[in-house]
Structures are given as C-alpha cells and as structure tokens.
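# Residue-level structural notes
Listed here are the chains, written in short residue letters.
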Amino acid sequence: MSGHLIGTGLTKRYAGLVANDAVDIEVRPGEIVGLIGPNGAGKTTCFNCLTGAQKLTSGSITLDGKVITNLPASERAGMGMARTFQQAQLFKHLSVEENLLLGRHRHYGASALRAAIGLAGGAERKARDLVHSIAAQCGLTEVLVAPVGDLPFGTQRMVEVARAIVLEPTVLLVDEPGAGMDSTESAYFGALLARISRERDMSVLIIEHDVAMILSICDRIYVLNFGKLLAQGTPADIRANAEVRAAYFGSTVQEAAV
Amino acid sequence: MAPGVKNLKNAADRGVKLTGGPLMSGKRVEAGGVLILAIGLLVWPLVTPEVAHFYGSLSAIYALIGLSLVILVGWTGQISLGHAAFVGCGCYFGAKLLNNDVPLVLTVVLIGLIGAAISLILGIPSLRLRGVYFTIATLAFGAACQQYFFTRSEVRGIAADQVPRANLVGIQTTTDRGLYYAVLVVLAIALVLAYNTRRTDVGRVLFAIRDSEQAAAAMAIKIAPYKIGLFAASAALASIAGLFYGMLFQATPAPEQFSVLQSLFYLAMPVLGGAEALLGALVGGAFLAVGQPLVNLFDVRLFLMTSIALLLTLLSGFDGVTGALKAGRKAIADAVRGEPVRYGSFVPHEEHDHSPPRVHATVGESPPPVGSVVRVRIVPGVRP
C-alpha cells in the first residue's frame with residue numbers, strides 16, 4: 001500500500017517571519033490525518049511546501065520512500081499526490097466535465113499528435129467513463145456540462161475535490177474544504193471523504209476549522225500554533241490536551257467536542 | 001454524524017437544472033451548420049467572376065493567420081505582436097524554396113517547421129513572461145525582424161523576387177480560383193487538427209494553464225512544453241499563410257507589409273470573429289480581405305473601419321460575430337422554453353420571479369472566539 005508521506009523538520013521563513021518551524025508530519029498509508037490550528041498558524045504554508053507550490057527553507061519530504069524535497073509540483077502530482085486549494089482553483093473557462101477530465105491528464109495515454117489527427121477516441125472514452133463514475137459518487141452528474149464558474153459555491157468545492165480524486169492519488173491533501181459550508185454539509189462532506197479514502201486506499205491530510213468534523217473522521221491530528229507543532233495524537237488525545245484547548249478551542253470547546 | 005445528514009443532498013440533487021433543451025445541446029444543429037458552410041465555401045467560386053477569387057484567396061490566407069491567433073489568444077490568453085514577422089518569414093523563405101523547385105506540399109511542411117523553429121528562439125526565453133511582458137517581447141521580435149532581418153538582401157533580395165505558383169499535389173494554382181482551393185485545403189486540415197486538439201487532453205490543458213498555473217501543476221501538468229508547443233504551432237500556421245501570401249501576389253512584398261502595425265491589424269481577426277470559436281477566424285479573415293475593396297468604394301481607410309468595428313464589437317460584449325450568433329441561439333432557446341430565473345447557465349428555481357429573496361438571520365450576541373467561523377443557515381422558502 002502506498003501513499004506514505006513524511007515531512008521532517010519542515011521550515012519556511014519569509015524574511016523575518018517563521019511560518020513553519022521544524023514541523024515533523026507523517027501521513028501513513030490509508031490514514032486520514034487532520035491538521036488544525038488558529039488562523040495564521042502556518043497550516044497552508046505547510047501544505048504548499050508538501051505539495052511543492054512553495055519551496056522549503058530547510059527540511060526534507062519523502063513520498064513512499066522517495067525524496068521529493070526539490071521536485072516541482074507537477075512531478076509530485078505525477079507521483080500520486082493530489083491537492084485542493086483554500087480558495088477553490090477551478091478552471092473557470094471549462095465545464096465541470098472538462099475540469100474533472102483534467103485530473104486524467106497523467107493517465108490519458110494518447111499523445112498530442114494522435115489526438116490532433118483524431119485517434120484519441122479510445123483514451124477519451126476511457127477518461128470520460130471514469131470521470132462519470134466519480135462524478136456520480138460526488139453527486140455531480142447533473143451539472144457535468146455546466147460552466148464551472150456558474151455553480152453554487154459548495155458545489156464548486158465538491159468539483160475541486162472530485163477533480164483531485166480523478167487523479168487517482170495515493171495521498172490527497174485537502175485545504176479547508178468546509179469553508180463556506182454549513183455544519184450539516186461539512187459533516188456530509190467529511191463522511192464522503194472518509195468513505196472514498198477507505199474505498200480507494202488513499203491517505204488524506206486535511207486542514208479544517210470544523211473541529212467536530214475533524215474529530216469524527218481523523219485517525220490522528222496535528223495541531224500547529226505560531227508555526228510550531230503544538231500537539232499530535234488521536235482525536236481523544238487532542239480533545240483532552242489542555243494546551244490545545246487554550247490555544248485553539250477557546251471557549252467553544254464544549255460545543256466543538258459534541 | 002449528526003442525525004439527518006444522510007438526507008442531505010448536493011446542490012445538483014436538489015433539482016438544480018441547466019437551461020438548454022434540444023436547441024442548445026443539438027450536435028446536429030452544429031454539424032448541419034458546418035456542412036452548409038463547407039459546401040458554400042466550395043461552391044461559390046464556381047458561380048462568381050474572377051475578380052472575386054482574388055479576394056477569396058486573400059480571405060482564406062487571412063483566415064489561416066486568424067486561426068493562428070485564435071488558438072494563441074483564445075486558448076492561452078496570450079497576445080502576440082510578432083505574428084506579421086512570422087508571416088514575413090513564411091513569405092520570404094517560401095519564395096526561396098519555390099524558386100529552387102521544391103514541390104509545394106514539401107514547401108508547406110518545411111515552412112511550417114521553419115516558422116516553428118524561429119518561434120522557439122523567441123518562445124523559450126520569453127514564455128516564462130506572462131501577459132503584457134510576453135507581448136512586449138513579441139513586439140521587440142516583430143520590430144527587429146522588420147527593421148534588420150527582412151531588410152537584408154539575402155532574405156528578401158534587393159527588390160521583389162518572383163514567386164512561382166506551384167501545384168499543390170493535383171490542384172493547379174495558376175488561377176486565383178485554384179490558389180483559393182489550395183489554401184482552403186490547408187485551412188481545412190488546420191481547422192480539423194485544431195478542433196480535435198481543442199476537445200481532447202491538450203486543449204483542456206491549455207485552458208487550464210490559462211486559468212490557473214498553480215492548479216494545473218497540481219494536475220501533474222508540466223506547463224512549459226505546452227506553452228512553447230502551442231506558440232510554435234501558431235507560428236507555423238502564420239508562416240504557412242505567409243507562403244501563400246507571396247504566391248497570391250507572385251512577389252515578395254516590402255518588409256513594411258510585415259510590420260508590428262500589421263500584427264495589430266491581424267489581431268482584429270480573433271476579436272471581430274470571436275476568439276472562442278475556431279470559425280471566428282474565417283469571419284475575421286473575410287472581414288479584413290473583403291473590407292479593403294469595399295472601403296475603397298467609399299474612399300475611407302480600412303484601418304478606420306476596422307477600429308470602428310472593433311469598438312462596436314467590444315461595446316457589444318459578445319465574443320465577436322460567432323459569440324453573438326451563440327448568444328442569439330441561446331436567446332431563442334430561452335424564448336421557446338420561457339425565461340427562467342438564472343445565474344449564468346443555472347436555474348435554481350423554476351418559477352419566473354425575478355425579485356430578490358429576503359433573508360432573515362439571527363446571530364448570537366457575544367463576539368465569536370478567534371478562529372471560529374460564524375455560520376448562518378439560510379432556509380429557503382415562502383412565508384405566507
């Protein structure tokens with residue numbers, strides 16, 4: 001089983017500001033791991049470093065035993081690492097179906113030349129079949145032909161996640177999928193993610209502010225605060241940790257732990 | 001999990017529907033339109049006087065240049081002010097090859113390759129630049145070609161060289177009508193290649209890169225080869241158009257014909273015809289070619305007429321003529337079905353009520369703690 005992502009001593013400095021300070025993080029095969037922390041704690045920076053969108057100041061990253069610290073984002077994606085963005089980054093000139101089909105880029109299997117002279121029919125059909133089945137799983141069948149920019153916000157987020165899943169990743173990094181969803185929607189989303197992770201043997205690293213959702217679906221949780229790792233452990237450990245309560249949960253801990 | 005969660009549905013399942021109907025999703029309507037257009041393009045020279053054939057050839061040549069710009073501007077959002085220079089390269093080098101008795105088919109291929117090779121010299125260093133910076137690099141390239149490269153005697157010759165009209169396989173090009181058919185064949189092949197590319201992986205990748213390079217990289221897309229490859233294809237098309245341009249006039253025009261100003265003029269084609277549809281290139285090409293003799297009748301400059309047409313197109317908000325046709329088709333589809341409330345192509349409710357819904361929300365009194373999210377649940381419905 002693959003999808004084993006390890007970040008060791010991840011450090012990222014912007015001029016004087018230390019966004020990530022020697023963060024150690026590990027996502028084991030098949031695991032769902034949460035990354036939480038107050039706004040500005042460095043969660044998204046950590047994500048961007050892991051996926052290659054930003055360069056590390058120091059530290060190292062391995063995926064399934066291979067060092068990927070200096071690989072560009074596209075090559076990491078080619079190795080089976082998919083991600084979504086904090087602000088959904090969809091291809092707004094394209095339809096939902098075309099957005100999802102882009103996830104098949106690395107599995108497409110027909111060269112540009114063959115496609116240009118019209119011989120990519122087989123590859124195109126195969127890609128579409130897979131896209132349609134994943135769209136059905138994510139409840140997107142009805143909107144496949146719609147321009148993606150016309151969709152309601154929550155559906156756009158779902159398209160982004162579906163697009164990442166179409167990549168058939170071994171590890172999926174999801175950045176705040178719940179932003180803009182209400183608590184029922186985000187609970188539904190969490191359950192869906194957990195199911196897909198199980199069915200596809202896909203490990204997941206998820207940033208989320210909806211603590212109830214994180215506690216219910218994650219195997220382990222990391223807590224970041226001011227760029228440093230504050231705590232890690234199972235949902236039960238995190239819930240019991242006094243430091244975490246003080247830094248993060250604040251007065252809502254009773255409500256959040258329900 | 002909270003109770004009731006399993007009943008929650010995605011927006012799509014709640015009955016969100018698309019507008020459309022048979023008129024919008026009609027592949028047959030599109031295929032029929034293209035068929036009629038193709039027959040029209042083939043038949044019209046048989047029933048018109050010879051003077052029209054010259055402008056037909058010129059339209060087809062301009063349409064090739066238009067197509068090269070449609071794929072560049074419409075697909076990648078990049079603007080080139082150096083395309084006239086590629087047309088010039090195709091014209092001058094094409095004349096040399098034809099004068100050395102290279103068959104026309106081979107010349108077309110070779111000129112395409114030469115154009116692509118020249119574009120790499122410009123493209124590899126400058127395609128890292130985005131938006132206006134890339135355009136400025138192409139401006140410099142265009143100006144340099146016109147001022148220094150094309151003026152060299154070994155490129156153009158001292159005065160205009162003769163350009164022979166060779167046969168394209170079986171098609172005699174000695175008459176303007178024959179040349180028109182030859183260019184039409186090349187244009188048709190280019191259109192088919194572009195159409196196939198647009199609707200498969202490469203086309204999607206190009207649009208993805210245009211919309212978000214970061215997200216494209218996250219889809220395992222290597223960006224540079226696609227940008228450089230498309231620019232090379234665009235340059236190849238423009239160069240091939242240049243070859244036929246020389247053949248049409250049977251001479252190598254002066255370098256001023258391939259100036260930066262001319263590039264700007266060419267850019268009117270994707271704007272007037274529409275940059276999102278490939279056939280926009282045909283409309284734009286016909287406008288520039290047929291515009292010249294038409295405006296001569298009224299003794300005004302084509303540049304003036306083009307500027308006015310450009311202004312009107314931009315003010316209309318449509319994506320050129322093809323965009324206006326598409327919008328018209330949509331309007332008819334809506335009129336047939338009754339106009340629904342919609343956001344873009346979405347119809348959230350079937351009723352025809354355009355008044356904004358009222359929202360009532362209650363939020364707790366105490367300020368929320370740092371890092372928490374205030375969630376407001378909106379309950380859609382009608383209160384009597």
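Residues numbered from 1 in each chain as written. Chains lettered and ligands numbered in written order. Predicted model: local features only at pLDDT ≥ 70, side-chain atom pairs only at ≥ 80, totals over all residues. Heavy atoms only, no water.

### Some thoughts on the confidence of the model for chain A
- Confidence in the prediction of chain A, expressed as mean pLDDT, is 86, and 95% of residues score 70 or more.
- Per-element confidence in chain A ranges from a low mean pLDDT of 46 for helix α11 (residues 253-256) of chain A to a high of 93 for strand β8 (residues 203-207) of chain A. (pLDDT = per-residue confidence, 0-100. Helix = DSSP H or I, 4+ residues; strand = E, 2+ residues; numbered from the N terminus.)

### Brief notes about the sheet that holds strand β2 (residues 17-27) of chain A
Residues and elements named next belong to chain A.
- Read from one edge of the open sheet, four strands run β2-β1-β4-β5, paired in antiparallel fashion. The open sheet has two edge strands with one neighbour each: β2 and β5 (66-67).
- Across the sheet, helix α1 (residues 43-51) lies against β1 (5-14), β2 and β4 (58-63), angled at about 120 degrees from β1, the strand it touches most. (Pairing = 2+ DSSP bridges. Contact = heavy atoms within 4.5 Å. Axes fitted to C-alpha atoms, helices over the stretch in contact; angles between N-to-C directions.)

### Details of the packing of helix α2 (residues 50-76) of chain B against helix α10 (residues 223-249) of chain B
Residues and elements named next belong to chain B.
- Packing of α2 against α10 leaves a shortest axis separation of 9 Å and a crossing angle of 170 degrees. Compared by their axis directions, α2 and α10 come out roughly antiparallel.
- Of the residues that constitute the contact of α2 with α10, the class distribution is 20 nonpolar, four polar and no charged. (Parallel < 35°, antiparallel > 145°, perpendicular 65-115°, else oblique. Nonpolar A, V, L, I, M, F, W, Y, C, P; charged D, E, K, R; others polar.)

### Focus on the packing of aromatic side chains
All names here are of chain B.
- If you walk through the whole model with that rule in mind, you get 16 aromatic pairs over all chains.
- Ring centres of F86 and F231 lie 6.0 Å apart, and the angle between their planes is 75 degrees; this geometry places the pair in the edge-to-face category. Taken together, the positions of F86 in helix α3 (residues 83-99) and F231 in helix α10 put the pair 145 residues apart, joining distant regions of the chain. For the pair formed by F86 and F231, the shared burial category is buried. (Phe/Tyr/Trp six-rings, centres within 6.5 Å; stacked < 30°, edge-to-face > 60°. Buried < 20%, exposed > 50% of the residue type's maximum accessible area, 1.4 Å probe, protein only.)

### Considering the environment of N225 of chain A
Residues and elements named next belong to chain A.
- Residue placement: N225 occurs in strand β9 (residues 220-225).
- Take N225: its relative accessible area is 16%, and that puts it in the buried class.
- Along the backbone, N225 and I36 are 189 residues apart, and their C-alpha atoms lie at a distance of 8.7 Å.
- Setting aside its immediate chain neighbours within four residues, N225 contacts P38, A41, L230 and A247.

### Digging into the sheet that holds strand β6 (residues 81-83) of chain A
Residues and elements named next belong to chain A.
- The mixed open sheet is built from six strands, whose spatial order is β6-β7-β8-β3-β9-β10. The outermost strands of the open sheet, each flanked by one partner alone, are β6 and β10 (228-233). If you compare each strand with its neighbour and ignore which way they point, the axes differ by 15 degrees on average.
- The strands that α1 touches are β3 (32-36), β6, β7 (171-175), β8 and β9; relative to β7, the one it contacts most, it runs at about 150 degrees.

### Quick look at the pairing of β9 of chain A
Residues and elements named next belong to chain A.
- Among the six residues that make up β9, six are buried, leaving the element largely enclosed by the rest of the structure.
- Side chains R220, Y222 and L224 of β9 all project onto a buried face; the interleaved residues I221, V223 and N225 project onto the opposite face, where all are buried too.
- Here four bridges tie β3 to β9, and the two strands are oriented parallel to one another. Residue pairing in the sheet places G34 in a bridge with I221 of β9.
- Of the pairings in the sheet, the one linking β9 to β10 comprises five bridges and is antiparallel in character.

### Quick look at a nonpolar patch on the surface
Residues and elements named next belong to chain B.
- Taken together, the side chains of V290, L294, L297, F298, V300, L304, M305, I308 and L312 present a nonpolar region at the surface, about 850 Å² in accessible area.
- Mapped onto the nonpolar patch, the elements with two or more residues apiece are α12 (280-298) and α13 (302-316).
- Examined against the element boundaries, L304 turns out to sit in helix α13.
- By relative accessible area, L304 is classed as partly exposed at 45%. (Patch = residues over 30% accessible without salt bridge, like charges linked within 9 Å, V, L, I, M, F, W, Y side chains within 5 Å. Areas by Shrake-Rupley, 256 points an atom, 1.4 Å probe, with all protein chains shown as cover. Salt bridge = Lys/Arg side-chain N within 4 Å of Asp/Glu carboxyl O.)

### A word on the pairing of β4 of chain A
Residue and element names in this part refer to chain A.
- Inspection of the sheet shows β1 paired to β4 by five bridges, in the antiparallel sense. Bridge pairing links G7 to I61 in β4.
- Bridge count for β4 against β5 is two bridges, and the pairing is antiparallel. By the bridge assignment, L63 is partnered in β5 with K66.
- Here β4 hands over to β5 after two residues, with D64 in that stretch at a positive phi of 50 degrees.

### Some remarks on the state of the cysteines
Residues and elements named next belong to chain A.
- Within the structure shown, the criterion is met by zero disulfides over all chains.
- Free of any disulfide, C49 has its nearest neighbouring cysteine sulfur in C46, separated by 6.9 Å.
- Under the relative-accessibility criterion, C49 is labelled buried at 1%. (Disulfide = S-S within 2.5 Å.)

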